[in-house]
Amino acid sequence: MKQLNILLLFFLFLSFNVQAQNNEKPRRIPADFPSAKIARPTDAMSTHGMSTNTAFLLLEMMEMKKKSGSINEEQLTQKYALIRKGNKLYANSFIKLKGQLTMSGLSEQGVLLGSKIGSLYTALVPIDKIEAIVQMPDLLLLDIGSKEFLHMDTARIVTNVDKVHKGLAPLTMPYTGKGVVVGDLDVGFDLTHPNFYDTTGTANYRVKRFWNQKNNSGTPPVGYAYGSEYTTEAAMLSAPNDDTVQSHGSHTAGTAAGAGGYPGSPYKGVAYESDIVLVAAKLSTTYIIDAIKYVQNYAASVGKPCVINMSFGSQEGAHDGTSTEEQAMDSLTGPGMLLVRSAGNSGSNNMYAEHTFVNLDSVAYTFFTTYPKLTAGYRAYMYGRKNENFKVQLLLMDIITLNPSYFTATIAANIDSVYSFNLIGNNNDTMKIGLQASIDANSGKPNINIAVLDNAIPNTSTLKLFIKIIAPNSFVQMWADRPSPGVPYGLFTDFGIPDPHLITGNSTHTVGVGAGGKNVISVGAYTTHTIWTSLNAGLQMQEPGFMAPSGAIAPFSSQGPTADGRTKPDITAPGNMIISSVNSYDKSGDYDANSPFVVKDVSIGSKKWYFGKMQGTSMSCPMVTGILALWLQKYPTLTPAQALDRMKKTAITDNYTGAIPVNGSNTWGWGKINAFDGMTVSVEKAAIKNTLKVYPNPTSNELHIAFDKQANNTVITIADITGKIVYSNNAGNLTAGSEQVVNMENSPAGIYILRIVSNGEEAVYKIAKQ
Amino acid sequence: MKLPRFLLVLILPLAFFTGCTTLYAQGAFPVSADTKFFMMDLQNEMNTSKQPLKTFNPSTQLIKKYSLQKIKGIYYVSGFIKTDKNFSEKQLKKIKTFPGQPSGDIRTILVPLSAFSTFLNQKGITYFELSKKLEIN
């Protein structure tokens, strides 16, 4: 016992002693480590004038040379996107200079300069000269750039398509578009592109039908009198394209449904396991309606839902959803039949004008013009209010003296006639104008269309086409059009003349006719990238007209509303810019190996195919088409209204979209599409709930689900409160009066969420298990 | 620069009222604005060439402007028709047209250019609209 006391005293002493020591000398990380343990730099250099990546590239090169006497080109190329040209290896770079550029100094080092953006240059820099170049006195920065996010990657990520592809919870499986038909009506298809196979790029060809409406040498599809149909893989591959100066269709189809073209490809599209039907369309309204029916007939023949992409449009019409094309399209939508249309690229064109005439204000004027001048084919479409009327007089007006040199009679819209006029300029130069006036058969609105038939008045002339509009106590809207793609749109302007009756154009109401269909999903575009690395021409930057911060609306994206006040576009998606497949038979030079727009090639044997960049609402449209194909895989009877409802409830908003007004935004629609949330959101419909009985609740054993009405494509899932699926049953088509019984005997007591998806609708119940 | 100056200028006889040609759409049913422009251009070409419609060969410009379709050597006009209960597909096929499948009360149709005036007097059609050009965007 005495010994124990001595031990206890000894421990107490030690304990106090330690505490005393701690109080006197707190424990600290040593200020210095033994020198033997210091990892000394194996290489060191000044990084003055270099970006981080440039410095790392040099460091790796030094390491490699030290280790093996040479660099590992393949490894560096993969890591830093280097380019070999001849016997030199280049880095795609940005060079920033202070003061005047010493071009000769850079050239002496073998630098190949690209574009100039202020004091910034894009350039191909020989990697063995980087060290010397950064020593140059005028150089502020040499940045070899970061390897770019690959653009379909980005588009898939920001739209949450990747989450759908992975089947993240609460989804119970990956969704890839399997079992859905994706139709694409377009021009410039390369039927042989590896993007249209499965993810290997060589197996399971996925194009099921191809109708070339432009080629009358073959057999048309049954029920049609024109074009050539291809129904077998061999026939399609030997087609093998519809156009040798266009790549548009290969691009849009690749975005909606491409599988990437090779294993691990970042250019994978959205619905990459869907069935594809392509129609090389004659770009005219009646042919489009035939094409829609063709795709839908095929989908019906194989019992699959379908969504059709249409990346084109027009400005001809009342813009109120009443055009014949829009009426026909509206009637061709329904459960499992969705149509998607690009909003248009007129978001920066002042091609729309309107005027409300009140009280004594019964006259308005505008100049209809374009740069450099109106030529044959320019048109203006004017619409008044239903059951009212308006009149128009055309003049050649001198914008300096404000004297008219020639004018027409005043024509009333309801006169139902077509006229041609010669307006004669100063030197007997003539502008020939067609004018058609009628009550529009579809909208019932008074309508005057003005067409420039010919124009010999020089663009230097101060005489311009002037429209005088008379519409007491009424309202007139007008749209300017252009003769063909690639030339500027017509516009309405006041030429800065400060007359209160002169009206000028703006870019609202520019969502195209077709995209304004009441059951058609119309898509605007936002920006995700403005810089890319081309295959053989280094770093590239978007043209100024397409430039916008990442996340912002694309400057070209057309704006709503429709003429009847509906919000359009419905939704936005990445479209500025997108990289997808292009047509290997395209001889325009836009998408060959040397084009700055091409970013990647794929070889199989001796044949090469390419992926390239494009921008436009044409590119955002197939993003949404692909996403709707994913949704149709889960909800095969999804209707346009239900699809739009899902978009409205889940679209992404951010600093760029701002808060979306309750009735939508005429720039963003309901925001940026969200593929994942749109698919998983609970869209409960009272209608379906009224046809179901779920009992008993609470339950201790069996849960009964009774269906009063026919229930098609029924899927029943039960999740616990953590979201974990504990029961899933793809019950298929159930007849009225049938009942499903779920055994919950072994489920722990607690709260469960029962989801019943049927007829494209969803009902959700909270179930208590005792 | 205010409106009165415009008005004053307009009423002064310094400018000349232009001569114009009027063409009324003659037929059993209304047609679209584009169809009227087409008929005007067609009539002008026919006047110049002095060919009757049955043997008329459209110019390249007319073909391009109005997307005329040549199938087995015959030129066709493409458009939409709206129909009523008197519509007879059989009757239309007699004049060698190709009506498409209906979408509601709307059908697409290919009309031989040579039979276009006959087509405009067919019964059971309430409206004809020439196919409108679209552009990729």
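Because the structure is a prediction, the values reported are computed rather than measured. (Residues numbered from 1 in each chain as written. Chains lettered and ligands numbered in written order. Predicted model: local features only at pLDDT ≥ 70, side-chain atom pairs only at ≥ 80, totals over all residues. Heavy atoms only, no water.)

1. Focus on the side chain of A:Asp320
All names here are of chain A.
Link 1 in the chain: Within the fold, Asp320 resides in the loop between strand 11 (312-313) and helix 11 (324-331).
Link 2 in the chain: The class of Asp320 is buried, set by a relative accessible area of 5%.
Link 3 in the chain: Of the polar contacts made by the side chain of Asp320, one reaches the side chain of Thr322; its length is 2.6 Å.
Link 4 in the chain: Apart from the residues within four sequence positions on either side, Asp320 is in contact with Ser443, Lys445, Lys518, Ala563, Asp564 and Arg566. (Helix = DSSP H or I, 4+ residues; strand = E, 2+ residues; numbered from the N terminus. Buried < 20%, exposed > 50% of the residue type's maximum accessible area, 1.4 Å probe, protein only. Polar contact = N/O pair within 3.5 Å; in protein donor to acceptor, adjacent residues only side chain to side chain. Contact = heavy atoms within 4.5 Å.)

2. Considering the confidence of the model for chain A
Link 1 in the chain: The predicted model of chain A has a mean per-residue pLDDT of 87, with 89% of residues at 70 or higher.
Link 2 in the chain: For the stretch residues 1-39 of chain A, pLDDT sits under 50, and the model shows zero contacts to residues farther than four places along the chain or on other chains. (pLDDT = per-residue confidence, 0-100.)

3. Digging into the interface of chain A and chain B
Link 1 in the chain: Residue-level contacts link 82 residues of chain A with 49 residues of chain B.
Link 2 in the chain: Taken together, the two surfaces of chain A and chain B that pack against each other cover about 5,800 Å², and 58% of this comes from carbon and sulfur.
Link 3 in the chain: At the junction of chain A and chain B, the tally comes to three salt bridges.
Link 4 in the chain: Our count for the chain A to chain B interface comes out at 26 residue pairs in polar contact (both at pLDDT 80 or more). (Buried area = accessible area lost by both parts, 1.4 Å probe. Salt bridge = Lys/Arg side-chain N within 4 Å of Asp/Glu carboxyl O.)

4. Let's talk about the sheet that holds strand 10 (residues 306-310) of chain A
Residue and element names in this part refer to chain A.
Link 1 in the chain: Taken together, eight strands build an open sheet; the order of strands is 8-7-9-6-10-12-25-28 and the sheet is mixed. Of all strands in the sheet, those with a lone pairing partner are strand 8 (228-230) and strand 28 (571-576), marking the two edges. On average, adjacent strands in this sheet sit at an angle of 25° to one another, irrespective of strand direction.
Link 2 in the chain: Bridge analysis of strand 7 (residues 207-212) against strand 8 gives three bridges, and the strand direction is antiparallel. Residue Trp211 lies in a different strand from strand 8, and its bridge partner there is Glu229. (Pairing = 2+ DSSP bridges. Axes fitted to C-alpha atoms, helices over the stretch in contact; angles between N-to-C directions.)

5. Here we look at the confidence of the model for chain B
Link 1 in the chain: In the predicted model, chain B carries a mean pLDDT of 82, and 81% of its residues have values of at least 70.
Link 2 in the chain: Scored below 50 in pLDDT, residues 1-25 of chain B shows 61 contacts in the model against residues more than four places distant or in partner chains.

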